[in-house]
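# A closer look at the structure
What follows is the residue order along each chain.
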Amino acid sequence: MNALKSSRTAKVFAGIALVSASALVIAGCSSTPTDKPSGDSKPAADLSLKLGSLLPATGTLAFLGAPMEAGVQLAVNQINEADAGISIDLTTADEGDLDNKAYETSITNLQNAGITAMIGAASSSVTKLILDGNAGAGILTVSPSNTSPDFTGINPLYFRTAPSDNLQGEVLGNQIAEDGHKTLGIIYQNDPYGTGLFEAIKATFEGTGGEVVAEASYNQGDGQFNAQVATIAAAKPDAVAVVSYDQFATIAPLLGNAGLDTGSLYLVDGNLKDWGTDISVSLEGSKGTRAGAELPQDFLDQLNEVWTAAGNDPIDAVTYSAEAYDAVILIALASLASGSVEGKDISEKMREVSGGEGKGEKCKTFAECAEIINGGGTADYDGLSGEITFDENNDPKGAAIGVYEFGADNTTTRIK
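Bear in mind that the values here come from a model prediction, so they are computed numbers and not experimental data.

With that out of the way, let us pick up the pattern of salt bridges. Applying the stated rule across the entire model yields 10 salt bridges. A salt bridge links Lys128 to Asp150; the shortest N-O distance between them is 2.9 Å. With Lys128 in helix H4 (residues 124–136) and Asp150 in the loop between strand S5 (140–143) and strand S6 (158–160), this pair connects stretches of sequence that are 22 residues apart. The exposure class of Lys128 is partly exposed, given its relative accessible area of 36%. For Asp150, a relative accessible area of 41% gives the class partly exposed. Two residues, Lys359 and Glu357, come together in a salt bridge whose shortest N-O distance is 3.9 Å.

For strand S2 (residues 47–55), the buried fraction is high: 7 of the 9 residues fall into the buried class. Where S2 meets strand S3 (residues 86–94), 9 bridges bridge the pair, whose relative direction is parallel. Opposite Leu54, over in S3, you have Ala93 as the bridge partner. One crossover worth recording links S2 to the parallel S3 by way of helix H2 (residues 62–82), and it is right-handed. Examined bridge by bridge, S2 and strand S4 (residues 117–120) share 4 bridges and lie parallel to one another. The residue bridging Leu54 from the neighbouring strand is Gly120, located in S4.

Looking at helix H3 (residues 102–112), one finds that the buried residues are Ala102, Tyr103, Ser106, Ile107 and Leu110. All buried residues of H3 project into a common sector of 115 degrees when viewed along the axis, lining one side. Structural note: H3 exposes Thr105 and Asn112 on the side pointing more than 90 degrees away from its buried face. Buried-residue contacts for H3 involve S2, S3, S4 and H4.

For the coordinates displayed, the defined rule picks out 7 aromatic pairs. Aromatic side chains Phe159 and Phe390 sit 5.0 Å apart centroid to centroid with 65 degrees between the ring planes, which places their arrangement in the edge-to-face category. Of the two residues, Phe159 sits in strand S6 while Phe390 sits in the loop between strand S13 (379–381) and strand S14 (400–406), which places them 231 residues apart along the sequence. Of the two residues, Phe159 and Phe390, neither departs from the other in class, the shared state being buried. Ring geometry for Tyr218 against Phe225: centres 5.1 Å apart, planes inclined by 85 degrees, an arrangement best described as edge-to-face. Residues Tyr218 and Phe225 agree in their burial class; the two are buried. The lysine or arginine in question, Lys273, covers the ring of Phe63, its NZ or CZ lying 4.6 Å from the ring centre.

Analysis parameters
Residues numbered from 1 in each chain as written. Predicted model: local features only at pLDDT ≥ 70, side-chain atom pairs only at ≥ 80, totals over all residues. Heavy atoms only, no water. Salt bridge = Lys/Arg side-chain N within 4 Å of Asp/Glu carboxyl O. Helix = DSSP H or I, 4+ residues; strand = E, 2+ residues; numbered from the N terminus. Buried < 20%, exposed > 50% of the residue type's maximum accessible area, 1.4 Å probe, protein only. Pairing = 2+ DSSP bridges. Right-handed = clockwise from strand over helix to strand, strands pointing away. Arc of directions from axis to C-beta. Contact = heavy atoms within 4.5 Å. Phe/Tyr/Trp six-rings, centres within 6.5 Å; stacked < 30°, edge-to-face > 60°. Lys NZ or Arg CZ within 6 Å of the ring centre and 35° of its normal.

In structure tokens, the structure reads:
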């Protein structure tokens, strides 16, 4: 979620706490596709898929937009270069957030463009607002970053390549306890994302014998957090978990001013990044979690290359880039497997191409998987974010959760 420099790559990708033993298969990524199907393969399809992306270029999650959009574009480029029976026509649009409501105009424009599948939204709250309309229009919606537990099994035309916050909350709650803390205060965003993580962190921490001594919520759009900080400070907890987006930049200094230790803060995927001098207090010792596998350098290089080639500044974060990349690959493979570009038809093959039906030949790139499909076989794609095997609720069956720690420069390094 956070210019990619090789010296910082090791910092960006932190320790990986395995949540599921079946979860983590890290695939290499190459811009050079494998050979096309042999003469013994069935003729390739000739499909043209209209794909949309609804990701944040503005708003409180804008720092996440660039890596996800770069992941989408890289996947589209590789699919089109493979010439394996399907091409993608991509239309991008700004998600914004609940304040600027850019998604309202964007989703209308995407639907009017005739898309049948969409990557996004990034925010769970935005996805809840647009999902019914997409489903009614027959559009398959695949989010790389929706983590609210509310989305489990929500709609047959909805999938996500990020795990539920039940997993991330469990890892963070256990980490807080492992660090020796006995009391905890939690400030959280009052929306599907924030409440889901809050409940998971609280349940896990209290399950270890710890006590949540204070909790305070705020609404998206709020700019003042003095009341919430005062509630937490009055209880004098050992540690404070903050479930937010970029509001953390305001909340953290307030916690320090209230006498709380800003080296004992716990962050989540919505606010975990290399804050540097953007925050006026030291975060040294604070920790956080976010979903995602440790990524190979060739993928990071290609991600930055495709993004800067479009005239953008170098990417300084890569959170959910692999999940976005994998979402596009899975959609394209499901379209190829179904021989259709209609959202409903694609959705019916998503589990199959992810290996969720317990069959298929393992493959790690689009070209490799497409060759299997075009040869009459069943592909089981294992991607950059993990195995991404969809279950009956269209959720990944497992995931890797990274645990990160802040150093003296307010940037993250891996722990464990």
